[in-house]
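# What the coordinates show
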Amino acid sequence: MDKDLHELAKSIVALQNEAVRQTLLSWKPEVDRIICTNSKDVNAIEHTLDALCEVAFDDEILILFKKLCHYYYDIDPAATVEYIQFYREMWDTNEEIKTNE
C-alpha cells in the first residue's frame, strides 16, 4: 500500500510539473506581449490572470501573476485587488492569512 501511495504522489508531482511547464510556455509570452505593447485589453489581461492563478503554487508562475497584476493595477485597481484576493483565498495558508490581517 505504501508503494502505491508513493507512486500516486510521484504521478501527482509529475502532473503539477507538466501543468507549470505548459502554463509557462503558453502564458509567459502573453504576459510579455500585454506589457510590452501597453495593451489595455481587459479581457485578454483577465483571461491571462485567470490561467496563471490556477497554477500559482509555482514560484515562477507567481512571479508572472504578480507582474501582470502590477501592470493591471494602473488600468483597473479594483479588479486587480479582486484578483489578489482570489489568489490569497486559493493559495495562502490559514497562518499566512492570519499574519496578513
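Residues numbered from 1 in each chain as written. Predicted model: local features only at pLDDT ≥ 70, side-chain atom pairs only at ≥ 80, totals over all residues. Heavy atoms only, no water.

On to the overall build of the protein chain, then. Helix and strand content of the protein chain: five helices and zero strands. A compact globule built from 101 residues should have a C-alpha radius of gyration of about 13 Å, whereas the protein chain, at 16 Å, is more than 25% larger. Dimensions of the protein chain along its principal axes, counting C-alpha atoms only, are 55 × 35 × 15 Å. Counting only residues that meet the buried cut, the protein chain has 30% of its 101 residues in that class. Taking the intrachain contacts of the protein chain between residues at least 6 apart in sequence as the baseline, contacts between residues at least 24 apart amount to 56%. With an accessible surface of roughly 7000 Å², the protein chain has 56% of that area assigned to carbon and sulfur atoms. For the protein chain, the distance from the average site of its 10 positive side-chain charges to the average site of its 21 negative ones is 5 Å. (Helix = DSSP H or I, 4+ residues; strand = E, 2+ residues; numbered from the N terminus. Rg over C-alpha atoms; globule rule 2.2 N^0.38 Å. Buried < 20%, exposed > 50% of the residue type's maximum accessible area, 1.4 Å probe, protein only. Contact = heavy atoms within 4.5 Å. Areas by Shrake-Rupley, 256 points an atom, 1.4 Å probe, with all protein chains shown as cover. Lys, Arg positive; Asp, Glu negative; His and termini not counted. Charge placed at Lys NZ, Arg CZ, Asp CG, Glu CD.)

Turning our eyes to something else, we now look at helix α2 (residues 42–54). Between its first and last C-alpha atoms α2 spans 18 Å; for 13 residues at 1.5 Å apiece the expected length is 18 Å, and the two agree. Every buried residue of α2 is accounted for by Ala44, Ile45, Thr48, Leu49, Ala51, Leu52 and Cys53. In this fold, the buried residues of α2 make contact with α1 (2–36), α3 (59–73) and α4 (77–91). Of the residues flanking the start of α2, the one acting as N-cap is Asp41, its side-chain oxygen 3.2 Å from the backbone nitrogen of Asn43. (Expected span 1.5 Å × (residues − 1). Polar contact = N/O pair within 3.5 Å; in protein donor to acceptor, adjacent residues only side chain to side chain.)

Considering all chains together, one arrives at six salt bridges under this definition. With a shortest N-O distance of 3.0 Å, Glu18 and Arg21 are connected by a salt bridge. With Glu18 and Arg21 both in helix α1 and three residues apart, the pair spans about one turn of that helix. Judged by its relative accessible area of 34%, Glu18 is partly exposed. Given the relative accessible area of 42%, Arg21 is considered partly exposed. Note that Asp92 and Arg88 form a salt bridge whose closest N and O atoms lie 3.2 Å from each other. Accessibility expressed as a relative area gives 17% for Asp92, which makes it buried. Taking relative accessible area as the criterion, Arg88 reaches 22% and is therefore assigned partly exposed. Within this structure, Lys28, Asp32 and Lys67 form a network of salt bridges that share partners. (Salt bridge = Lys/Arg side-chain N within 4 Å of Asp/Glu carboxyl O.)

By themselves, these figures tell us nothing about what the structure is for.
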